[in-house]
Amino acid sequence: MRPLVAGNWKMHGTLREAQALAEGLRGGAERADLLVCPPFVHLQAVEAVLRGGPVAVGAQDCHAKAKGAHTGDVSADMLRDVGATHVILGHSERRADHGETDAVVHAKAGAALAAGLTPVICVGETEAQRLAGEAESVVTEQLAGSIPDGFVAAGGIVAYEPVWAIGTGRTPTEAEVAAIHATMRKALVGRFGEAAKATRLLYGGSVKPSNAAGLFALPDVDGALVGGASLVAADFLAIAAAVPA
Ligand code: 13P
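In this report, the structure presented in the accompanying data block is examined. Since we're looking at a predicted model, the values are computed, not measured.

## What to know about the site of the ligand
Neighbouring the ligand are 13 residues; Lys10, His91, Gly167, Ser206 and Gly228 lie closest to it. Between an oxygen atom of the ligand and a side-chain N or O atom of Asn8, the distance comes to 3.0 Å. Backbone polar atom of Gly228 to an oxygen atom of the ligand: 2.8 Å apart, as the coordinates give it. Protein coverage of the free-state accessible area of the ligand, which is 310 Å², stands at 95%.

Put into structure tokens, the structure is as follows:
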């Protein structure tokens, strides 16, 4: 399948910086689909820069409800309305900073699907969990709890992001990534059937131009979710160019 290289811009950048970054990506990439996920306030401006081109725009979160008295929150319908096609859900920073549980992520993903957005559901173990030998069981449990029915049929995307690899410059070994991705594929096929063989499984956590090719060569790694390196257009494009021909 054609890989997806997604940029999670997190809480970075002025409006002008976001527009300039988007302008640098406007041509897309030859061998990968590209997605950028700016902060909510920059979504419309970034979408305007990228409209009609090959690069998709997504958000970094949404609320589980379609509307209502939820100060500070944004609904999936609102995101769709301003041109977003994807939404990252259950990122470990949201799980940690906002106490999001698998049940919350599940509800948000259901709202995203109902609004016609493609959810990018994030899972991943902490360092303590990996050291305790629990990485596979943690990820399997998060997948089971976070992913709603209909996810695979709607083209939902999963991102494996070990918490200890995010923003640290450390990554699991390629064998460790391959093992988790194989486990995720097996779990998804077990629940959703053969259709889940086409579900994109992204790796995220300190992806850089220098390690991207090795990651993309692994079985069941169908792209990347990139944080820091997605804030520099040349680096993000270099990661996308590392997709095997
Ligand atoms: P880094 O690429 O900065 O490690 O961030 C990964 C991430 O959290 C993407 O969602």
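## A look at unusual backbone geometry
Among all residues except glycine, the phi angle is most often negative; among peptide bonds, the trans geometry is most common. The backbone of Ser206 shows a phi angle near 60 degrees, a positive value even though the residue is not glycine. You can see Ser206 is positioned in the loop between strand S7 (201-204) and helix H9 (209-216). Residue classification places Ser206 among the buried residues on the basis of a relative accessible area of 15%.

## Regarding the nonpolar core
Core analysis: the biggest nonpolar cluster contains 64 residues, and Val5, Val36, Leu79, Val158, Met184 and Phe216 have the highest contact counts within it. For this core, the element with the most residues is helix H8 (residues 174-192), which contributes 6 residues.

## Here we look at the state of the cysteines
A complete count under the given rule lists 0 disulfides for this structure. Free cysteine: Cys122, not disulfide-bonded; nearest cysteine sulfur from Cys37 at 9.3 Å.

## Regarding helix H2 (residues 43-50)
Taking burial as the measure, the 8 residues of H2 include 6 buried ones, the bulk of the element. Where H2 is buried, its residues touch helix H1 (15-25), strand S2 (33-37), strand S3 (55-59) and helix H3 (76-81). Where H2 ends, the next residue or the one after it, Gly52, has phi of about 85 degrees, a positive value.

## A short note on the pattern of salt bridges
Applying the stated criterion across every chain, the model contains 17 salt bridges. In this structure, Asp61 and Lys108 form a salt bridge, with 2.8 Å as the shortest nitrogen-oxygen distance. You can see Asp61 sitting in the loop between S3 and H3 and its partner Lys108 sitting in helix H5 (residues 102-114), a full 47 residues away along the chain. Each member of the pair, Asp61 as well as Lys108, is classed as buried. A salt bridge links Arg130 to Glu176, with the nearest nitrogen and oxygen atoms 3.8 Å apart.

## Concerning the sheet that holds S3
One closed barrel accounts for 8 strands, arranged S1-S2-S3-S4-S5-S6-S7-S8; its pairing is parallel. Within this sheet the neighbouring strands show an average axis-to-axis angle of 25 degrees, counted without direction. Note: strand S1 (residues 4-8) against S2, 5 bridges, orientation parallel. Following the sheet pairing, Asn8 is matched in S2 by Cys37. Across the face of the sheet, helix H7 (residues 135-146) comes into contact with strand S5 (118-123) and strand S6 (157-160) while running at roughly 150 degrees to S5.

Reading the values: the criteria
- Residues numbered from 1 in each chain as written.
- Predicted model: local features only at pLDDT ≥ 70, side-chain atom pairs only at ≥ 80, totals over all residues.
- Heavy atoms only, no water.
- Near = heavy atom within 4 Å.
- Polar contact = N/O pair within 3.5 Å; in protein donor to acceptor, adjacent residues only side chain to side chain.
- Areas by Shrake-Rupley, 256 points an atom, 1.4 Å probe, with all protein chains shown as cover.
- Helix = DSSP H or I, 4+ residues; strand = E, 2+ residues; numbered from the N terminus.
- Buried < 20%, exposed > 50% of the residue type's maximum accessible area, 1.4 Å probe, protein only.
- Core = buried A, V, L, I, M, F, W, Y, C linked by side-chain atoms within 4.5 Å.
- Disulfide = S-S within 2.5 Å.
- Contact = heavy atoms within 4.5 Å.
- Salt bridge = Lys/Arg side-chain N within 4 Å of Asp/Glu carboxyl O.
- Pairing = 2+ DSSP bridges.
- Axes fitted to C-alpha atoms, helices over the stretch in contact; angles between N-to-C directions.

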